[in-house]
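# Per-entry structural report
Residues per chain, in single letters:
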2 protein chains.
Amino acid sequence: MKKPLILVTNDDGITAPGLRALIRFMSEIGEVVVVAPDSPQSGMGHAITVDDTLQASKDDKESPDGALVEYSCSGTPADCVKLALQEILDRKPDICISGINHGSNASINVIYSGTMSAAIEAGIEGVPAIGFSLCDYSWNANFEFAREAIKSIVSEALHNKMPKGVVLNVNIPKMEADLPKGIKICRQARANWKEKFDKRINPRGKEYYWLTGEFELLDKGEDTDEWALANGYISVVPTQFDLTAHHAIQELNSWSL
Amino acid sequence: MKKPLILVTNDDGITAPGLRALIRFMSEIGEVVVVAPDSPQSGMGHAITVDDTLQASKDDKESPDGALVEYSCSGTPADCVKLALQEILDRKPDICISGINHGSNASINVIYSGTMSAAIEAGIEGVPAIGFSLCDYSWNANFEFAREAIKSIVSEALHNKMPKGVVLNVNIPKMEADLPKGIKICRQARANWKEKFDKRINPRGKEYYWLTGEFELLDKGEDTDEWALANGYISVVPTQFDLTAHHAIQELNSWSL
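Treat the numbers as computed from the prediction; the structure is a model and nothing was measured.

All names here are of chain A. By the secondary structure assignment, N169 is in strand 7 (residues 166-172). Overall, the relative accessible area of 2% leaves N169 in the buried class. There is a polar contact of 3.2 Å between the side chain of N169 and the side chain of N171.

Here it is, written out as structure tokens:
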């Protein structure tokens, strides 16, 4: 049987250990083409480059992690996917896998996530797609324990048909010694970030800010991604790019417009 | 009665004619505070600035368009809203209005839209919010004909309670002489962009790309924003930031995970 063609990308950049681990895992189940940003793109949301040029460089060295070929791209994660699908790949990939992100993209973080924007871009273009994130921001995080779970989720997605208009947002709890307890299909927990801006004065006397914040969970449900992660499970949230709040249409039709 | 406090922002930057028109319209129904990017931020999606500093400058001159006060900010539209809510405003605004964007944010464009990312950020933080866009990319577009419709939508949003977890994505057709036929509550049309990368060679012999593309409507429904706009109506899509595809959860639970 022909091996599946797997497009791999991320938002932490082509040198990130999470991406390198993902390339190794994916090379065990398919032919991997990597098109990833040449520098970190965290917090880029679904940004695309419209006012600047894009460059893509093919790595002439053999991939140390088993990919067929690797490209680094000057753009955002969504740019990488667009460029891969339109210019780099000569056929449609069987699946696009983004990550493994260094840090959680569960709950409201999906909105700010470059990792998920890459997966969503692939989904919009009709390619089954999954974003993987590990709830550990450390550059030297341990990804190895998640190998079998990630391969299992990708294999199932290749074997089953991905629900239409849906991409998967997979988050993996940080584990010390044990393995995750299992995999749970979840909904996105309600939450937001309580921002705190760290205000400072620059050497020329002008104020500036660093954005910092605390995650605030507003949801006690036991069917959410945050609950699953807090209880040692891998969370899988089916995520859509039709943002219509269908339930609100009737209510808005009662407004005097 | 106390006038409502209206936070106004956009993604085309503080000098954009669409923003200036919006400030004038909003000053007729409330007290307006402007916190807008100091430079164009189109295509920024829901980007936030995590790896760099932010600056906000208060304009000491009187607003030519009737705002109480105007700030320009070095960040993205979502940064502007975060900074406004946490640092600049001394009370929670009654509503956040983003726009008027120079160009459509209907259909799948909502995903890439800085205008809508500002509104969504406000919605996440519990502030009712609306993004307005005019389907005319011209810098010298005519916004004036939309004055009454925009004021009517904002007044209704202030008067009614915004549905929970929902922000409004309002798109206005480009009109030559007539007024829009009316306002329709819609769903987001299914569509995508067929990318074409314009490949060029730089003076040093290296390839680079410009992202271009053609909008491809995949949806013949007469309840969509694209249908409304094509038929001379203003479209209002209730837009949510819970991205969970609830209908897909059952199907995913049948996978062998």
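Another point: the relation of the copies chain A and chain B. The two copies are related by a screw motion: chain A maps onto chain B through a turn of 180° and a shift of 0.0 Å along the axis, at an RMSD of 0.0 Å. As the rotation angle and translation indicate, the two copies are arranged about a two-fold axis.

On inspection of all chains with the given rule, the structure shows one cavity of 30 Å³ or more. The space that makes up the largest cavity amounts to roughly 210 Å³. In this structure, the largest cavity is lined by 18 residues; those nearest its centre are H46 and I111 of chain A together with H46, I111 and L243 of chain B. Elements supplying a minimum of two residues to the lining of the largest cavity: helix 3 (109-112) and helix 4 (114-124) of chain A together with helix 3 (109-112) and helix 4 (114-124) of chain B. Split into classes, the residues belonging to the lining of the largest cavity amount to 10 nonpolar, eight polar and no charged.

Using a probe with the size of a water molecule, rolled over the atoms, empty space left in the structure can be pinpointed. What the largest pocket holds in volume is close to 810 Å³. Breaking the lining of the largest pocket down by element, the ones donating at least two residues are helix 4 of chain A together with strand 9 (191-201) of chain B. Top element by residues in the lining of the largest pocket is strand 9 of chain B. It accounts for three residues. Across the lining of the largest pocket, the residue classes tally to 11 nonpolar, 11 polar and eight charged.

Across its 13 residues, helix 5 (residues 147-159) of chain B extends 18 Å between first and last C-alpha, which sits within 8% of the 18 Å expected from 1.5 Å per residue. For helix 5 of chain B, the elements touching its buried residues are helix 1 (17-27), strand 5 (95-102), strand 6 (129-134), strand 7 (166-172), strand 8 (182-185) and strand 11 (233-240) of chain B.

Further remarks concern the interface of chain A and chain B. Residue-level contacts link 77 residues of chain A with 77 residues of chain B. The largest share of the area that chain A buries against chain B comes from L243, W255 and L257 of chain A, three residues that together contribute 11% of it. In this structure, the connection of chain A to chain B is made through two salt bridges. The salt bridge partner of K82 of chain B is E195 of chain A, with a shortest N-O separation of 2.2 Å. Counting across the chain A and chain B interface gives 24 residue pairs in polar contact (both at pLDDT 80 or more). For the side of chain A that touches chain B, the class distribution of residues is 38 nonpolar, 21 polar and 18 charged.

Moving on, we come to the UniProt feature "binding site: a divalent metal cation" (unreviewed entry) in chain A. UniProt records the feature "binding site: a divalent metal cation" (unreviewed entry) at D11, D12, S42 and N101 of chain A, using the numbering of this structure. For this annotated set, covering 91 residues, all C-alpha atoms fall within 9.2 Å of each other, a compact arrangement in space. Position of D11 of chain A relative to the elements: it lies in the loop between strand 1 (5-9) and helix 1 (17-27). In this structure D11 of chain A touches P37, S39, P40, Q41, S42, G43, P77, N101, G114 and T115 of chain A, once residues within four positions along its chain are discounted. Within the fold, S42 of chain A resides in the loop between strand 2 (31-37) and strand 3 (56-58). Leaving out residues up to four positions away in the same chain, S42 of chain A has contacts with D11 and D12 of chain A together with V50 of chain B.

Right, let's talk about the side chain of D219 of chain B for a bit. Residue and element names in this part refer to chain B. Here D219 is to be found in the loop between strand 10 (207-217) and helix 6 (225-230). A distance of 2.9 Å separates the side chain of D219 from the backbone nitrogen of R190, its partner in a polar contact. Within polar-contact distance, the side chain of D219 engages the backbone nitrogen of G221 at 3.0 Å. Each residue touching D219, except ones within four places of it in the same chain, is listed here: R187, Q188, A189, R190 and T224.

On to the packing of helix 2 (residues 77-88) of chain A against helix 4 of chain A, then. Residues and elements named next belong to chain A. Running from amino to carboxyl end, helix 2 crosses helix 4 at an angle of 30°, the nearest separation of the two axes being 7 Å. With respect to their mutual orientation, helix 2 and helix 4 come out roughly parallel. The element helix 2 and its partner helix 4 pack so that their crossing is right-handed. Contacts from P77, A78, V81 and K82 of helix 2 reach helix 4 at G114, S117, A118, E121 and A122. Grouping the amino acids of the contact of helix 2 with helix 4 by side-chain chemistry returns five nonpolar, two polar and two charged.

On to the nonpolar core, then. Core analysis: the largest hydrophobic core is formed by 76 residues, its most contacted members being V35 and I111 of chain A together with V35 and I111 of chain B. Filtering out sequence-adjacent residues up to four positions away, I111 of chain B remains in contact with H46, I120, I124, F241 and L243 of chain A together with G45 of chain B.

Now for the pairing of strand 9 of chain B. All names here are of chain B. Pairing geometry for strand 9 and strand 10, over 11 bridges, is antiparallel. Along strand 10, the bridge assignment pairs W193 with F215. In textbook terms, the turn of a hairpin is the stretch between consecutive antiparallel strands, and for strand 9 and strand 10 this stretch comprises five residues, one of which, G205, has a positive phi near 85°.

Residue and element names in this part refer to chain A. Taken together, nine strands build an open sheet; the order of strands is 3-4-2-1-5-6-7-11-8 and the sheet is mixed. In this open sheet, the two strands that pair with only one neighbour each are strand 3 and strand 8 (183-185). Ignoring strand direction, the axes of neighbouring strands in this sheet form an average angle of 20°. When strand 1 meets strand 2, the two strands line up parallel, connected through four bridges. Each residue of the ladder has a partner; that of L5, found in strand 2, is E31. Across the sheet, helix 2 touches strand 1, strand 2, strand 3, strand 4 (69-73) and strand 5 (95-102), and the angle it forms with strand 2 is around 135°. Seen against the sheet, helix 4 touches strand 1, strand 5, strand 6 (129-134), strand 7 and strand 11 (234-240) and runs at an angle of roughly 170° to strand 6.

Rules used throughout
- Residues numbered from 1 in each chain as written.
- Chains lettered and ligands numbered in written order.
- Predicted model: local features only at pLDDT ≥ 70, side-chain atom pairs only at ≥ 80, totals over all residues.
- Heavy atoms only, no water.
- Helix = DSSP H or I, 4+ residues; strand = E, 2+ residues; numbered from the N terminus.
- Buried < 20%, exposed > 50% of the residue type's maximum accessible area, 1.4 Å probe, protein only.
- Polar contact = N/O pair within 3.5 Å; in protein donor to acceptor, adjacent residues only side chain to side chain.
- Least-squares fit on C-alpha atoms with pLDDT ≥ 70 in both.
- 1 Å grid on protein atoms, 1.4 Å probe; cavity = no way out; pocket = protein on both sides within 12 Å on 5 of 7 lines; lining within 4 Å.
- Points joined across faces, edges and corners; volume = space filled by probe spheres on them.
- Nonpolar A, V, L, I, M, F, W, Y, C, P; charged D, E, K, R; others polar.
- Expected span 1.5 Å × (residues − 1).
- Contact = heavy atoms within 4.5 Å.
- Buried area = accessible area lost by both parts, 1.4 Å probe.
- Salt bridge = Lys/Arg side-chain N within 4 Å of Asp/Glu carboxyl O.
- UniProt positions renumbered as here; feature names shortened; annotations may be inferred.
- Axes fitted to C-alpha atoms, helices over the stretch in contact; angles between N-to-C directions.
- Parallel < 35°, antiparallel > 145°, perpendicular 65-115°, else oblique.
- Left-handed = near helix turned anticlockwise from the far one by under 90°.
- Core = buried A, V, L, I, M, F, W, Y, C linked by side-chain atoms within 4.5 Å.
- Pairing = 2+ DSSP bridges.

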